[in-house]
Amino acid sequence: MATIDGRPAQYGISLKQLRELMEHRGREGVAMICEFGGIHELCKKLYTSPNEGLSGSKADEEHRRETFGSNIIPPKPPKTFLTLVWEALQDVTLIILEVAALVSLGLSFYKPADEDAPVLQEEEEHHGWIEGLAILISVIVVVIVTAFNDYSKERQFRGLQNRIEGEHKFSVIRGGEVCQISVGDILVGDIAQIKYGDLLPADGCLIQSNDLKVDESSLTGESDHVKKGPDVDPMVLSGTHVMEGSGKMIVTAVGVNSQAGIIFTLLGAAVDEQEAEIKKMKKEAKKASKQANKSLTGESDGRTPMKGSQTQAQASSQRQPVSEGTKSESDGNHVPQSSSTSAPAETGHKKEKSVLQAKLTKLAIQIGYAGSTIAVLTVIILIIQFCIKTFVIDEKPWKNTYANNLVKHLIIGVTVLVVAVPEGLPLAVTLSLAYSVKKMMKDNNLVRHLDACETMGNATAICSDKTGTLTTNRMTVVQSYICEKLCKVLPTLSDIPQHVGNLITMGISVNSAYTSNIMGGQNPGDLPIQVGNKTECSLLGFVQALGVKYQSIRDEIPEDKFTRVYTFNSVRKSMGTVIPRPNGGYRLYTKGASEIIMKKCAFIYGHEGTLEKFTRDMQERLIREVIEPMACDGLRTISVAYRDFVPGKAALNEVHIDGEPNWDDEENIMSNLTCLCVVGIEDPVRPEVPDAIRKCQRAGITVRMVTGDNINTARSIASKCGILRPNDDFLILEGKEFNRRIRDTNGDIQQHLIDKVWPKLRVLARSSPTDKYTLVKGIIDSAVSENREVVAVTGDGTNDGPALKKADVGFAMGIAGTDVAKEASDIILTDDNFSSIVKAVMWGRNVYDSIAKFLQFQLTVNVVAVIVAFIGACAVQDSPLKAVQMLWVNLIMDTLASLALATELPTPDLLLRKPYGRTKPLISRTMMKNILGQALYQLFIIFSLLFVGDLILDIESGRGQELNAGPTQHFTIIFNTFVMMTLFNEINARKIHGQRNVIEGLLTNPIFYTIWIFTMISQVLIIQYGKMAFSTKALSLDQWLWCVFFGIGTLVWGQLITSVPTRKLPKILSWGRGHPEEYTDAMNLGEERFDSIDSDKKPRAGQILWIRGLTRLQTQLRVIRAFRSTLEDLNERRSMHSLHSLRSPRTGMPLGVGHPLYNFNLLSPNYNKHQHQQQQQPPPQQQHNQSSAPLPLDISYIDEDPQQQRTLHNGRTTSVNISGSASTTQSKRVPGLSPGFSEIAHTLQQQVRSNQNETHHSNGQNETRI
C-alpha cells in the first residue's frame, strides 16, 4: 500500500464527500459530522491532529495539494497587447481619420482620363499617396503608444493586486507550532486559528469555539450574525467575516472547491454565456436605445442577459442547498422572480467618481463639444470656399480629381477634432495616479482605491486612532497596584502574597487569547516580538517579568477545557473566561478597563493579601489616587479580577451553586468580583508623530484623536503628540457627553447640534465605533465651513468598518488591522504609522497639481491649434498646420506631456498651502491667466508668420498653394515655431501657483527632461528629413534660430504674465468652482451618450483598465452576495429603512427587497420548484402581512434609470417618474465583468459603503437589519 510521509496515501474521506459535507448548515451540519464519527474522527480521516496540526513535511503538503487542490482561485487572464491595440482603435476620431486617409490614398492612385491636365501635375502626383500613408502611420503610432500605456498600467495593476493578496496571512498550527502562512498555502487538513476580525480564507468545521459569531452576508445576504459552535452550527465558510469570538477549525475545502470558489467558477461560466447573449442582442439594443433612454422600465429586453446565469442556477441548484440555519429557504422571504429581475445596465452604471474626475469629465465633454463645432465649421468653410473659387469664379466644370480636394478638407477638419478632443486628460489622471500609487508603496501606503490617493490631497480633517497609530503599539506594564501597594517599578513574585500572585498569573495566562504570544527576538539582544493583541502581550510580559512561564499554565488548561468565554468587544470593554475548578465548581477570570471592572467588584485583597470588602468610598479613593494619576501619565489602566462558583460551603467572596449557573445571564455572572490588581500600561508616542502632526496643522489639516481609552490617558497622549496646543480653544469629550450634546430630546442625532461640537473637538475618549461613525458623518455632511470638509479616518478594528467606509479616505492598519477593517479601507498603512498619512497627503496634493499642470499645458495647445486651423482655413483656404503635423502635436501633448508632467515628484512645499476642499475650482484664475496669456503670444507669433513671415524672413510665400504643391519653407517655419513654443511652454507649465522660477527642480525629474530632449530631437529630424510625409522642407540654421528664439520667448512672456496680479482678475475666469454634486449631475448628461449597452467601447481612457476590480477577491465576494442573497421579510424589516435611505443625502439606494439586481438567487436549491409558484401568488408570509396589517406606505426604491422610480404595491412592480432630487445610485462598472454582473458588484459596494451602518446610531438598540 502506497504511503506518504509514513501514512497511507488514501485519505479516509474523498473530495466529493467533503464538498457535500460543507453544503449542510446548522443542526444538519452537526448530524453530518456525527455520521463521519465526530470532529476528531474527521481529523483522523484527514491525517491531522487537532492540537499538533499537519506535520509540515513537503511531501505531505504536495500530496494534499494534488488530492484536494490549492487555495488559489485562478484569475481571469489579462488582456493581450493585441486586444488593447484593438480597443485603442475603437476611438471614433481615429476611425474617421483612418477612413479619410484610406480614401485619400485610393484617390491619389486614381487617374481619370483628363486631357487638359498639365504634364507638371502628373510629376507631382506621384507624391500624393505620401500624406495618406503618413496619416495612417501616425494613427498606428498613436494606437500603439496608447495600447502600451494601457498594457503597462494593467501589469502594474496586477502587481498591486498580488501585493494586496500577498499581505493576507493566516494563523495555522503546523508541527505543534502556531505559524502565520500566506492564504494561498492553506491546505485541507490544516488546523486554523480563527479570531475576531478575520476574513476566512477557506471552508472548515469547528473543533472548538468561544462565543463565535460570523457575518455570512457575503454568501447569504443575511446581515444577522450567525452563532457558530461545534454543537450549534460547526460549518464556517470562506469569504465570511468573524465578528466576535475565536475558535479553532479544521480546513475541509480550499480554492475552487470552497463555497466561495464554487460560486466564482459558476460566475465565470455565467459571465461568458452572458457576454455571448449580449453580442447577439446588440442590434436590437441599438434600435431600442432611443426609446430606452426616454423611459427605461427595466422590463423591455431584460430577460436575455441573465439566461446564462439562470441556467447555471438550475444546474447548480441540486448541488448547492442554502443553509437552513440562516432562514434562507423560507418561501416567505422571496419576491416573485418576474422578467424584470435582471434589467441590463444600460443607463444604470453611472460611475462613482471622485471630485477631480467629475470636474475633468465635465471639462473634457465641454472642450469636445467646442472642438467638434469648430471642426465641422472648418470643413464647411473650406468646402464652400473651394466650390465658390473653382466653380463660380473660375467657372471650371466638375472633374473627378476634385474629390481628392474634398477628402483633404475633411482630413483637416477631422485633425482639428483630434487636436481639440483632450483624450490625454484621462491618461494624465491615470498616469499620475499610477505613478503615485507605485511610489506610495515605498512610503508604506498600499492604495486599494486609486481615487483615494487624489482625494487625500484635499483632506481637511483626520480622525486618528490612538493606539498603534500615534503610539508605537509596543505595550509594557510599567506600574502596578497590588494588595494596597503602588509600585512604580515592576514587583517581583516574592513581593506579592503567594495566593494572590498565583491568582494574578493564572488569571492573565488563561484569560487572554491563546493567539497572543511573546516570541524571542530574531537576534540575541533584540526586543521580544509581540504577536496578537498588544494589550494582552503586555500583561503576558508582566507575568514573565514576575518569573512565571505563562505557556506552562496554558498547557495545563488548553482551550477545550474552557466552560465559557466572554470575548472582548466595544460594548463590554472587558473579557472573561470561565474554567472548571479542580475540586468542583467554576472560576471566572476577567480583565478590562479599570473603571468598568471596579464597578463590578465587591471585594479586594488588602495589606498582606487579606480579603476586604470593597466599599464605594474605597473605590472612589482608588480611582482618585491610583487610576487617575496613572491615566494622567498617559498610561492605559487595566484591572484583573475573579469570582468563584462552588458547589459546597461558600466563603465570603464565593457564590454557592447547585447545578451549572446560567452563563447567558452575563450581568449576574460578572458581579461581586474580587479585585486582584490594577496595572498601568505604557504605549509610548511614536517619536516621529509630533513632527508629522505639526506638518498637518501647518498644511491646514485638523487632527482629531478618537479613542476607546480613558479621558485622562487620551488627554496626556494628545498633549504629547501636539494635537492639543496650549493656547488653542479646544474640546475634549467622552463618548457619553458627546452623545448627550448631539442628540435632541427624542434621542435623535441632529446635524445642527453636531455643528456646535465638531469644530472645536480635538479628543473623543471612551468612544464606541458608532460614535466614531457619527462624528465622521457629521463632519462630512456639515455645511459650516465654506469649502466643505474632506475627512480621512484611521481604524484597525472590525467595528471601525462603518467609519472607514463613510470617510472620504479610510486608512486601515496593515499590522494591527483586522481583515474586515482592511476590506473597508481605501489605503492600508503597511507600517501603522501616522507619519505615513502625511506622506499620503503630500502625494495626493502632488496628483492634483500634476493634473493641473497638464491641463494648463494642454488647454494652451488646444486653443492655439484649433484657432490656427480654423482661421487659416478661412483666410488662406488651407490649414497652416497639416494633418500629419497636428497628429504629431497631438502625440506630444497627449501622451508625452502627460507622462512628463504627471511624474513630477512631490516637494515639502506642498504642505505649506491650505487644502483645496471640495469646492476649489479645477482651473484657478492663475492657471487661466497663464493659458490665455500664452495663447495670445503664440497666436500673435503664428499669425504674424502666416501673413507677413515670408516678407520678414525673405522666403517664398506658402499661401494660396495648389492642392498637390510640395511643402514650403514658409509653412514649415510656422509648424516648427508652433512646436518650439509648445515645448518651451511645457517648462512654464511646471508651475501653477504663480512661482517665477520655472526651472527649479527640473533636474530632479529625469522622465521630464528625457521626454523633452527626445521630443526636440524628433522635431529636428521631422523638419530636416520629413519632406512629403510631414509636409516639411529643410530649414537653414538661420531659420532654426528664429524658431528657437520665438520658442524661448514663451519663457520671457511667462515672466510678464506672472507679474499681472491674479486678484484683480474676475472670478468668472476660474472654471470648476462649486460643489462636486453639481458636476456629478451635469456629468450624467454627458455620460449618457457613451453608456449604451456597448459600453466597453466608451472613449478608450486608460482609467477603464484601472478600474478593473482593484482587489479581485473583494469584488467577487460582493458579487456572491447578490447571487446567494435571500430576501429579508418585506414588510417588517425594510419598509421604513428603504424610505430612510432614499432620503439620506449622501447615501445610494439600499439594496434590498425589490431591487432588480437582488431578485435572482443563483444558488437557491428550490429555484425551479418555487419560481413558478412565486409568479402565481405572493409568498404566504407576505399574504399574511397584507391581510393582517396593510402597509402604511408603498416602498419606494430607485431603479436603474435615475429618472425612474419603482414602487412596490403588494409585491407587484410599477414605475413612476420622480424628480431629480432623490439620490441616485451611482455604481462603478467593472469592465472585467459584463454589465449585469459588474452592476451587482458595485451597487453592492455602494450599499455597503454608504448604507450598511446608516441605522446603527440610536445607542445600537434600534439596529435595522439590511
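Residues numbered from 1 in each chain as written. Predicted model: local features only at pLDDT ≥ 70, side-chain atom pairs only at ≥ 80, totals over all residues. Heavy atoms only, no water.

**Remarks on unusual backbone geometry**
Consideration 1: With phi around 65°, N444 is a residue other than glycine that occupies positive phi space.
Consideration 2: Positive phi, close to 45°, is recorded for R766, a residue that is not glycine.
Consideration 3: You can see R766 is positioned in the loop between β26 (761-765) and α27 (769-781). (Helix = DSSP H or I, 4+ residues; strand = E, 2+ residues; numbered from the N terminus.)

**Some thoughts on helix α32 (residues 925-952)**
Consideration 1: The largest bend in α32 amounts to roughly 60° and is located at L946.
Consideration 2: A large share of α32 lies buried, amounting to 20 of its 28 residues.
Consideration 3: Phi turns positive one or two residues past the end of α32, at D954, with a value near 55°. (Bend = angle between axes of the 7 residues up to and from the residue. Buried < 20%, exposed > 50% of the residue type's maximum accessible area, 1.4 Å probe, protein only.)

**Here we look at the packing of helix α30 (residues 834-876) against α32**
Consideration 1: The N-to-C vectors of α30 and α32 enclose an angle of 30°; their axes lie 9 Å apart at closest approach. Comparing their axes, α32 and α30 come out roughly parallel. Along this stretch, α30 crosses α32, giving a crossing that reads as right-handed. Judged by residue contacts, A852, L855, Q856, L859, T860, V863, V864, I867, V868, I871, A875 and V876 of α30 engage M927, N930, I931, Q934, A935, Q938, L939, I942, F943 and F947 from α32.
Consideration 2: In terms of residue class, the contact of α30 with α32 is built from 17 nonpolar, five polar and no charged. (Axes fitted to C-alpha atoms, helices over the stretch in contact; angles between N-to-C directions. Parallel < 35°, antiparallel > 145°, perpendicular 65-115°, else oblique. Left-handed = near helix turned anticlockwise from the far one by under 90°. Contact = heavy atoms within 4.5 Å. Nonpolar A, V, L, I, M, F, W, Y, C, P; charged D, E, K, R; others polar.)

**A look at the sheet that holds strand β28 (residues 809-813)**
Consideration 1: The eight strands lie next to each other as β10-β29-β28-β27-β11-β24-β26-β25, forming an open sheet whose pairing is mixed. In the strand order of this sheet, the two ends are held by β10 (445-447) and β25 (731-734), each with one partner. Neighbour-to-neighbour, the strand axes of the sheet open up by a mean angle of 20°, direction not taken into account.
Consideration 2: The sheet contact formed by strand β11 (residues 461-464) and strand β27 (residues 791-795) spans three bridges and is parallel. Within β27, the position partnered with I462 by the bridge is A792. (Pairing = 2+ DSSP bridges.)

**Regarding the nonpolar core**
Consideration 1: Of all hydrophobic cores here, the largest spans 148 residues; its most connected members are I135, M456, F811, F834, L855, L922 and I923.
Consideration 2: With 21 residues, the top contributor of residues to this core is α30.
Consideration 3: Residues in contact with I135, not counting those within four places in the same chain, are L97, A101, I411, A883, V884 and L887.
Consideration 4: Grouped together as the second largest cluster of nonpolar side chains are 41 residues, L46, I191, L212 and I250 included. (Core = buried A, V, L, I, M, F, W, Y, C linked by side-chain atoms within 4.5 Å.)

**Thoughts on the pattern of salt bridges**
Consideration 1: Tallied over the entire structure, the rule returns 34 salt bridges.
Consideration 2: With a shortest N-O distance of 2.8 Å, K772 and D465 are connected by a salt bridge. Separated by 307 residues along the polypeptide, K772 in helix α27 and D465 in the loop between β11 and β12 (476-482) bring together distant segments of the chain.
Consideration 3: A relative accessible area of 3% places K772 in the buried class.
Consideration 4: A salt bridge links D691 to K695, with the shortest nitrogen-to-oxygen separation between them at 3.9 Å. Here K695 and D691 lie together in helix α23 (residues 689-698), a separation of four residues that amounts to about one turn.
Consideration 5: Ionic contacts of the salt-bridge type, sharing partners, join the residues R581, R587, D644 and E654 into one network. (Salt bridge = Lys/Arg side-chain N within 4 Å of Asp/Glu carboxyl O.)

**Observations regarding the packing of aromatic side chains**
Consideration 1: Per the counting criterion, the structure on display carries 18 aromatic pairs.
Consideration 2: Judged by centre distance (5.8 Å) and plane angle (85°), the ring pair of F81 and Y151 falls under edge-to-face. Here F81, found in helix α5 (residues 81-88), pairs with Y151, found in helix α8 (residues 128-166); they are 70 residues apart in sequence, far enough to count as distant.
Consideration 3: Ring geometry for Y435 and W843: centres 6.4 Å apart, planes at 70°, overall edge-to-face. With Y435 in helix α15 (residues 424-442) and W843 in helix α30, this pair connects stretches of sequence that are 408 residues apart. For the pair formed by Y435 and W843, the shared burial category is buried.
Consideration 4: Here the aromatic cluster, defined as three or more aromatic residues joined through ring pairs, consists of F386, F391, W398 and Y402.
Consideration 5: A cation sits over an aromatic face here: R990 above F1008, 5.6 Å from the ring centre. (Phe/Tyr/Trp six-rings, centres within 6.5 Å; stacked < 30°, edge-to-face > 60°. Lys NZ or Arg CZ within 6 Å of the ring centre and 35° of its normal.)

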